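The chain contents come next:
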Amino acid sequence: MARKKKKHVLAGTLVKHRKGFGFVSCEGWDQDIFIASDSMKGAMDGDEVEVDLLPEYLWQKSPEAIVTKVLRRKTAEVVGTFKRSKKFGFVVPENGKYREDVFVKKKDFSGARSGDKVVVQITRYPDKHNSAEGRVTEIISRAGQPGGDIKALARSYGMRETFPSRAAAEAKAVQKQGIRDADIKARRDLREKTIFTIDGADSKDFDDAVSIERLENGNYLLGVHIADVAHYVKEDAPLDKEALKRGTSVYLIDQVIPMLPKALSNGICSLNPHEDRLALSIDMEVTPDGTIVNHEIYESVIKSKERLVYDDVSDLLEKNDQKMANRYAHIKEDLFLMNDLAVTLRKNRYARGSLDFDLDEADIMLDEKGIPSSIGIVQRRSANKLIEEFMLLANETVAEHFYWMEIPFVYRVHEKPALDKMEQLKVFLRSLGITIRGNAESIHPKAVSAVLEQVRGQTTENVVNSVILRSMQKAFYSTACEGHFGLALKYYCHFTSPIRRYPDLMIHRIIKAWLHDGSTGKIAKHFRKRATEAAEQSSAMERQAVNAEREVEKLKKAEYMSYHVGEAFAGIISGVTSFGIYVQLENTIEGLVRIHDLRDDYYDYVEEKYALIGRRTGKTYKLGDEAAIVVDYVDLERREINFLIAGRQRG
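All values derive from a computational prediction rather than experimental measurement.

S.K.: Is there a simple way to explain the side chain of Asp 47 in this structure?
M.R.: Checked against the element boundaries, Asp 47 lands in the loop between strand E3 (33-35) and strand E4 (48-53). A relative accessible area of 0% means that Asp 47 is categorised as buried. A distance of 2.7 Å separates the side chain of Asp 47 from the backbone nitrogen of Met 44, its partner in a polar contact. Here Lys 74 takes part through its backbone nitrogen, which lies 2.9 Å from a polar atom of the side chain of Asp 47. If near-sequence neighbours (up to four positions away) are discounted, Asp 47 is found in contact with Gly 12, Thr 13, Leu 14, Val 70, Arg 72, Arg 73, Lys 74 and Thr 75.

Written out as structure tokens, the structure reads:
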């Protein structure tokens, strides 16, 4: 909360950049206020600070200030790598925003050795002249221990794999209790129905299962059956409080920070094959042209007939693989029927303007020592797309159903792009000879979708996809149904993953209350505040999870390229700035060619053309151009990869 003492004195929250400078957001100011690295007065990322505005003639572009006082500290501990000398030690922070090392006296080492990943509790905060001091309170992993770097990075975001004792005990008790006869009798029994799961080969928690029938009238009856986590995780119980605190499961390559303990996520809640499981089901009657004409939501008990894997099902659907056809002969007809429906749903989705960002996603493989052995591209095949379409349809149907009920709910909202972002996007696309239809103020998803289709299969596809995606607003959770721009939908929510997302769990609670009670007034009174809290907390924790996942990926990509220094690769220019060009390789790894390493000419940055242009030669480095590079060096601490243009190596 900002407070004014004088006209030029404000208060707000500091967000620091890894390079040392930062910005303070203050209530009543449209722009964030810039703070130079030597004007911090010991303030750390997230601190509430008082700042003194500099006179306007000293500003560069935006308001600038100096920190005069730290009002409230946010950081109590720092995670990082312990470095030891004879008489003292220090911790190099894992999180780049905590730029300064933390000094540790010898008596506070707590058994830490050089290279260990540790947690250090701050005992004295930094000031203008002195570093922060602290004592080691936890050793996350010993030097060189496989996976220790990822564990430390996750811990630096406040994420813990282990659960508080009360929540863990509750999970064990629930698992031990199992499914009772009384639970089954109160539900629709679907155990004889052909229902199965389709997931990745390494998946261990199965949220969703599917079923399909062809009705006499020619319509499809599509069933989506979701794990009934709300039956086991009771409102306000220790498990529920911890799940809300976490908000989401976080996937860090080969490690998972789960929202729920494994006893639930991999056990009693997971729709494991050939086991009785409680579910929340939605049956949707869909016409051959993909229109829903009827639906029903109810509690069920199911027994999955198979645990299918995406690649196996895709081999069957795409190649009619004989081995898979024989193995899954008893459900082969269902799979092809599902694929027919999924193809129709996907066509309809594209026709209405739904955006399909076909961005390459890195598939990072680690060896037994946690070292990246290969980096490829994740394949989105027929089976992946099939399940995606069915989950989208279920989410939309549930959202619309409860919108008209006029009771508190948690919607997934994706607002239309901001005007300035659309103007910038238009300029960028014009530099590639592409025109986007419509007014920037009221852009329609169809116009954006048409551009994505236009570049599909071209060398610029990934760059254009990335730039358009960065032009979009961030999706979030809200109790207001304000539509989903990216999916071109008026109604949308997350219903299908309650094992790993708290909004889905909250939605299940609301649905079950409606199924059991039906009194909308009573439901509204009970869930109004809780739904708001779930939406706000889940949005915040989702942002944190995305940041952690991105940092872990950057860490492992940098480590991988550190073994390829001096090697040549082909890539595409994915970014152009005043300080250099970014080049993305086929495996999604991106590195920077610094402008001072382009030594054949003096290059000017021409912003409206997204290009660097040589003054003497006229040589141009433009977004989307192909580029041959050599890996120059890698800064593992900063997770930065540096390239040189091939043939321009240092001599």
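Text resumes after the structure shown.
S.K.: Is there a simple way to think about the pairing of strand E20 (residues 362-366) in this case?
M.R.: Every other side chain in a regular strand lies on the same face of the sheet, so the side chains alternate between the two faces. Here E20 shows a clear split, with Ala 362, Ile 364 and Leu 366 buried on one side and none of Asp 363 and Met 365 buried on the other. In this sheet, strand E21 (residues 372-377) lies alongside E20 in antiparallel orientation, the contact comprising five bridges. Across the sheet, the residue bridging to Asp 363 is Gly 376, located in E21. Here E20 hands over to E21 after five residues, with Gly 370 in that stretch at a positive phi of 80°.

S.K.: Whenever I open this one, the packing of aromatic side chains confuses me. Can you help?
M.R.: In this description, an aromatic ring pair is defined by two values, namely the gap between the centres and the angle between the planes. Taken as a whole, this structure holds 14 aromatic pairs when the rule is applied. An aromatic cluster is present here, built from Phe 402, Phe 409, Tyr 411 and Trp 514 joined pairwise through their rings. Sitting over the ring of Tyr 220, Arg 214 keeps its end group 4.4 Å from the ring centre.

S.K.: Explanation requested: the sheet that holds strand E8 (residues 102-105) in the structure shown.
M.R.: Strand pairing in a sheet is mediated by backbone hydrogen bonds. Such pairs are either parallel or antiparallel. Judged by pairing direction, the barrel is mixed, and its five strands sit side by side in the order E6-E7-E8-E10-E9 before closing back on the first. With direction set aside, neighbouring strand axes in the sheet form an average angle of 50°. Bridge count between strand E6 (residues 77-84) and strand E7 (residues 88-93): five bridges; the pairing is antiparallel. Its bridge partner lying in E7, Lys 83 is registered against Phe 90. Packing against the sheet, helix H1 (residues 148-156) makes contact with E6, strand E9 (117-124) and strand E10 (132-141), and its axis sits at approximately 130° to E10.

S.K.: What should I look at first to understand the nonpolar core in this one?
M.R.: A general trend in soluble globular proteins is that nonpolar side chains are found buried together. Residues Ile 198, Val 224, Leu 264, Leu 335, Phe 390, Val 398 and Phe 495 are the most contacted members of the largest nonpolar core, which totals 87 residues. For this core, the element with the most residues is helix H9 (residues 382-405), which contributes ten residues. Excluding anything up to four places from it in sequence, Val 224 contacts Ala 209, Leu 280, Ser 281, Ile 282, Met 284, Phe 390, Met 391 and Ala 394. In terms of nonpolar packing, the next biggest core, distinct from the first, is built from 60 residues, Ile 436, Phe 485, Leu 623 and Val 631 among them.

S.K.: Explanation requested: the sheet that holds E4 in the structure shown.
M.R.: Ordered in space as E1-E2-E3-E5-E4, the five strands form a closed barrel in which the pairing is mixed. Adjacent strand axes in the sheet meet at a mean angle of 50° when their direction is disregarded. Pairing between strand E1 (residues 9-16) and E4: five bridges, direction antiparallel. Pairing of Leu 10 across the sheet is with Val 51, part of E4.

S.K.: Quick question: what am I supposed to make of the pattern of salt bridges here?
M.R.: Proximity of charged atoms lets side chains of opposite charge pair with each other. For the coordinates displayed, the defined rule picks out 49 salt bridges. For Asp 47, the salt bridge identified is with Arg 73, shortest N-O distance 2.8 Å. Of this pair, Asp 47 sits in the loop between E3 and E4 while Arg 73 sits in the loop between strand E5 (64-72) and E6, placing them 26 residues apart in sequence. Owing to a relative accessible area of 24%, Arg 73 belongs among the partly exposed residues under this scheme. For Arg 327, the salt bridge goes to Asp 312, with nearest N and O atoms at 3.8 Å.

S.K.: Help me understand unusual backbone geometry, please; the structure alone is not making it clear to me.
M.R.: Across residues other than glycine, the phi torsion is negative in most instances, and most of the peptide bonds are trans. Positive phi outside glycine occurs at Tyr 610, with the angle close to 50°. Inspection of the secondary structure puts Tyr 610 in the loop between strand E27 (603-606) and strand E28 (611-614). The phi dihedral of Arg 639 falls on the positive side, at around 60°, and the residue is not glycine. Tracing the backbone shows Arg 639 in the loop between strand E30 (626-635) and strand E31 (640-645). Accessibility expressed as a relative area gives 7% for Arg 639, which makes it buried.

S.K.: Looking at this model, I keep getting lost on the environment of Arg 277. Mind explaining?
M.R.: You can see Arg 277 is positioned in strand E17 (residues 276-286). Assessed through its relative accessible area of 7%, Arg 277 is described here as buried. Sequence-wise, Arg 277 and Asp 228 are 49 residues apart; in three dimensions their C-alpha atoms are separated by 8.3 Å. With residues up to four places along the chain from it excluded, the contact list for Arg 277 reads Ile 179, Gly 267, Ile 268, Cys 269, Ser 270, Leu 271, Asn 272, Ser 300, Val 301 and Ile 302. Of note is the side chain of Arg 277, whose polar atom sits 2.6 Å from the side chain of Glu 275.

The rules we used
- Residues numbered from 1 in each chain as written.
- Predicted model: local features only at pLDDT ≥ 70, side-chain atom pairs only at ≥ 80, totals over all residues.
- Heavy atoms only, no water.
- Helix = DSSP H or I, 4+ residues; strand = E, 2+ residues; numbered from the N terminus.
- Buried < 20%, exposed > 50% of the residue type's maximum accessible area, 1.4 Å probe, protein only.
- Polar contact = N/O pair within 3.5 Å; in protein donor to acceptor, adjacent residues only side chain to side chain.
- Contact = heavy atoms within 4.5 Å.
- Pairing = 2+ DSSP bridges.
- Phe/Tyr/Trp six-rings, centres within 6.5 Å; stacked < 30°, edge-to-face > 60°.
- Lys NZ or Arg CZ within 6 Å of the ring centre and 35° of its normal.
- Axes fitted to C-alpha atoms, helices over the stretch in contact; angles between N-to-C directions.
- Core = buried A, V, L, I, M, F, W, Y, C linked by side-chain atoms within 4.5 Å.
- Salt bridge = Lys/Arg side-chain N within 4 Å of Asp/Glu carboxyl O.

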